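Examination of the molecular architecture
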Amino acid sequence: MSSTQYTKKIALVDCNSFYVSCERLFNPKIRKKPVVVLSNNDGCIISRSTEAKALGIKMGEPYFKGKDIIIKNNVQVFSSNYSLYGDISRRVMRTLKRFNSDIEIYSIDEAFLDLSNFTDEEVEKVGKEIRATVLQWTGIPTSIGIAKTKTLSKVANHIAKKTQSGVTSLIGIENIDPILEKVEISDIWGVGKQLTKFYQKNGIYNAKQLKNKSNTWIKKSSNVLSSRTAMELRGIPCIDLETTTSKRKSCVVSRSFGKRVEKFQELREAVANYCLNASEKIRSESLVAKAITVFVRTSPFQRNFGYYSNSKTVDFPIATNNSIETVKVAMSILDSIFKNGYRYQKAGVMLTGLSNAEGKKNLFSSEKDEKINSLMRSIDNTNYRYGRSTLSLASAGVQKRWNMRRQYSSKIDTADFYCLPTVRVY
Ligand SMILES: [Mg+2]
């Protein structure tokens, strides 16, 4: 049947309990044990293993609230290790690109893949092959949902999470109403809290009811986005895959400090580091930035120490991704917005007005620019091979007292040479 060739087939690949799975990769002892991962500064529970879910530990719950259950059941606790998760995520995405280079990386652990080139009959088998390959090459278990639209592939993915094979395809199913009937309205992709309330008020409690509601009613009472969601539930693709990374218009790096920072020098080091990370990030995507924003603030919850928050944006003379330049400008911004006597809780930098770096030569390009570019390239290559911040700028500091609180960190970093495991041979 050649007609089946033209149905759109979208797969959503989602890594199971991603952060927990990353920690388990290098720690086989915790494979079958309950495990949780905490958010920045060990605040909330943001990833749970199946065993931890079974104990009743809730997603997003503050760590102290779950502590009783955690101690009683000997649950393994980890501080989040984003350097590790980012690296594993890149490996998973690279593996997915083997099947179709046009993928939309939706989040650190999710990607949409266009599988329209495969026939209806093949597509489930392809899904299983993708799952097996990702597991074999990266060690990360995934769930895969396949359907005619992105919204339906999300539905399929929910079902896949509960199946043994981990792969569910809705392609070729004539009537999906019985399936949609079991999907609560709040679980539909793109339906948030407000919209859920609104739909429920109007008697729409599940995906089937939304699918069968008239478009005129939806458009009139909500908006175009909602009618797109309903169309997608009917199997009509309305939301395209966003496959080009260059769509990104800005790059933000910001953190809350592990402990309050008062010294100008420490704040300078932190901001310089965020600049280095942001510059490296946009270089890796071959982008240059038009402007940079630096912001600082104290904790809004400790106003007895005085509250202060400020930010400033400065345009670069020429769009750049050069770390030396971004750090230089960021330092001068920080000079102008820093105020003595406050306990800073958070700082960050944002590179904006991003565009492609290629062919960005202009009247003012010089041999010196070429030299700086090649210096940046060798810094990136060295840091890629020997671990982040092997080569750095002096302004970024060495001690990093302002770093995040990470009491339970696994201290594994696949991007850091010094985190390689040591093996003793007798
Ligand atoms: Mg996931």
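Quick summary incoming for the structure in this document. (Residues numbered from 1 in each chain as written. Predicted model: local features only at pLDDT ≥ 70, side-chain atom pairs only at ≥ 80, totals over all residues. Heavy atoms only, no water.)

**Some words on the overall build of the protein**
Spelled out, the test is: The helix and strand labels rest on DSSP assignments: H or I over at least four residues marks a helix, E over at least two residues marks a strand, and numbering proceeds from the N terminus. Contact criterion: two residues are considered in contact whenever any of their non-hydrogen atoms come within 4.5 Å of each other. Areas reported as accessible are Shrake-Rupley estimates using a 1.4 Å probe. Residue values count occlusion only from the protein chains shown.
In terms of helices and strands, the protein carries 14 helices and 13 strands. Taking the contacts inside the protein whose residues are at least 6 apart along the sequence as the reference set, 69% of them involve residues at least 24 apart. If you sum the accessible surface of the protein, you get close to 23400 Å²; carbon and sulfur atoms cover 51% of it.

**Describing the sheet that holds strand β7 (residues 142–147)**
Selection criterion: Only strands joined by at least two bridges in the DSSP assignment are considered to pair. Fitted lines through C-alpha atoms serve as axes, helices being fitted only where they are in contact, and the angles separating the N-to-C directions of these axes extend from 0 to 180 degrees.
Read across the sheet, five strands follow the order β5-β6-β1-β7-β8 without closing on themselves; strand pairing throughout is mixed. Two strands bound the open sheet, and with one partner strand each, they are β5 (103–107) and β8 (167–169). The sheet shows a mean angle of 15 degrees between the axes of neighbouring strands, taken without regard to direction. In this sheet, β8 lies alongside β7 in parallel orientation, the contact comprising three bridges. Its bridge partner being in β8, Ile144 is matched across the sheet by Val167.

**Some thoughts on the coordination of the magnesium ion**
How we decide: Note on donors: an N, O or S atom is included if it sits within 2.8 Å of the metal, or within 3.2 Å for Na, K and Ca, and water is never included, so sites can look incomplete. Accessibility here uses a 1.4 Å probe with only protein chains present; expressed as a share of the type maximum, an area under 20% marks a residue as buried, one over 50% as exposed, and anything in between as partly exposed.
In the first shell of the magnesium ion, the protein supplies Asp14 (OD), Cys15 (O) and Asp109 (OD), at 2.2 to 2.5 Å from the metal. The sequence pattern formed by the donor residues of the magnesium ion is D-C-x93-D. Residue Cys15 is located in strand β1 (residues 10–15), and its partner Asp109 is located in the loop between β5 and β6 (110–114); the two are separated by 94 residues in the primary sequence. Asp109 carries the same exposure label as Cys15, and that label is buried.

**Points about the environment of Ile103**
By secondary structure assignment, the location of Ile103 is in strand β5. With relative accessibility at 4%, the residue Ile103 sits in the buried group. Among residues more than four places away in sequence, those in contact with Ile103 are Met93, Leu96, Lys97, Ala111, Phe112, Leu113, Glu242 and Thr243.

**Some details on the sheet that holds strand β4 (residues 76–79)**
As summarised here, the arrangement of the three strands in space is β3-β2-β4, forming an open sheet in which the pairing is mixed. Among the strands making up the open sheet, the edge pair consists of β3 (45–48) and β4. Strand-to-strand twist across the sheet, computed as the mean angle between neighbouring axes with direction ignored, equals 25 degrees. Inspection of the sheet shows strand β2 (residues 35–38) paired to β4 by four bridges, in the parallel sense. Note on β4: the bridge partner recorded for Val37 is Phe78.

**Considering the packing of aromatic side chains**
As a reminder, the rule being used: Pairing of aromatic rings covers Phe, Tyr and Trp, the last through its six-membered ring, and needs centres within 6.5 Å; plane angles under 30 degrees mean stacked, over 60 mean edge-to-face, and all others mean tilted. Geometrically, a charge over a ring is one whose NZ (Lys) or CZ (Arg) sits within 6 Å of the ring centre while staying within 35 degrees of the ring normal.
In this structure the tally under the stated criterion is 13 aromatic pairs. A centroid spacing of 6.1 Å and a plane angle of 20 degrees characterise the contact between Phe198 and Trp217, whose relative ring orientation is stacked. Of the two residues, Phe198 is situated in helix α8 (residues 193–201) and Trp217 in helix α10 (residues 215–221); the sequence distance between them amounts to 19 residues. By way of ring pairs, the aromatic residues Phe264, Tyr308, Phe338, Tyr342 and Tyr344 are connected into one cluster. In this arrangement the basic side chain of Lys150 is found over the ring face of Phe112, its NZ or CZ atom lying 4.8 Å from the centre. Above the ring of Trp217, the side-chain terminus of Lys213 is found at 4.7 Å from the ring centroid.

**Here we look at empty space enclosed by the protein**
Under the convention used in this document: The definitions used throughout rest on a 1 Å grid laid over the protein atoms alone, on which a cavity is an enclosed set of points accommodating a 1.4 Å probe that cannot get out and a pocket is an open set flanked by protein within 12 Å on both sides along at least five of seven lines; lining residues are those having an atom within 4 Å of a point. Grid points are joined across faces, edges and corners, and a volume is the space filled by probe spheres set on the points. In this classification, the charged set is Asp, Glu, Lys and Arg, the nonpolar set is Ala, Val, Leu, Ile, Met, Phe, Trp, Tyr, Cys and Pro, and all remaining amino acids, among them Gly, are polar.
The full count for this structure, using the stated rule, is one cavity of 30 Å³ or more. Counted by class, the lining of the largest cavity contains one nonpolar, four polar and two charged residues.

**Some words on the layout of surface pockets**
Of the volumes computed, that of the second largest pocket is approximately 870 Å³. Around the second largest pocket, the lining is made up of 29 residues, and of these Asn16, Ser17, Arg48, Lys53 and Lys161 lie nearest the centre. For the lining of the second largest pocket, the element with the highest residue contribution is helix α1 (residues 18–25), accounting for four residues. In the lining of the second largest pocket, the residues fall into eight nonpolar, 11 polar and 10 charged.

**Some points on the pairing of β5**
Note: β5 against β6, four bridges, orientation antiparallel. Note on β6: the bridge partner recorded for Glu104 is Phe112. Where β5 folds back on β6, the antiparallel hairpin that results is connected by two residues.

**A look at helix α4 (residues 82–97)**
Counted only if it meets this: Expected span of a helix, by definition, is 1.5 Å for each gap between consecutive residues, and there is one gap fewer than residues.
The end-to-end C-alpha separation of α4 is 22 Å, in line with the 22 Å expected for 16 residues at 1.5 Å each. Within α4 the residues assigned to the buried category are Ser83, Leu84, Tyr85, Gly86, Asp87, Ile88, Ser89, Val92, Met93, Thr95 and Leu96.

**Brief notes about the pattern of salt bridges**
Inclusion rule: What counts as a salt bridge is simple: a side-chain nitrogen of Lys or Arg found within 4 Å of a carboxyl oxygen of Asp or Glu.
On inspection of all chains with the given rule, the structure shows 13 salt bridges. Residues Asp14 and Lys161 are paired through a salt bridge, measuring 2.9 Å at the closest nitrogen-oxygen approach. Residue Asp14 is located in strand β1, and its partner Lys161 is located in helix α6 (residues 150–161); the two are separated by 147 residues in the primary sequence. Taking relative accessible area as the criterion, Asp14 reaches 12% and is therefore assigned buried. Between Lys328 and Glu325 there is a salt bridge whose closest N-O contact spans 3.9 Å. Placement of both Lys328 and Glu325 in helix α13 (residues 323–337) is noted, with a separation of three residues, approximately one turn of the helix. Classification of Lys328 as exposed rests on a relative accessible area of 55%.

The analysis is restricted to geometry; functional conclusions fall outside its scope.
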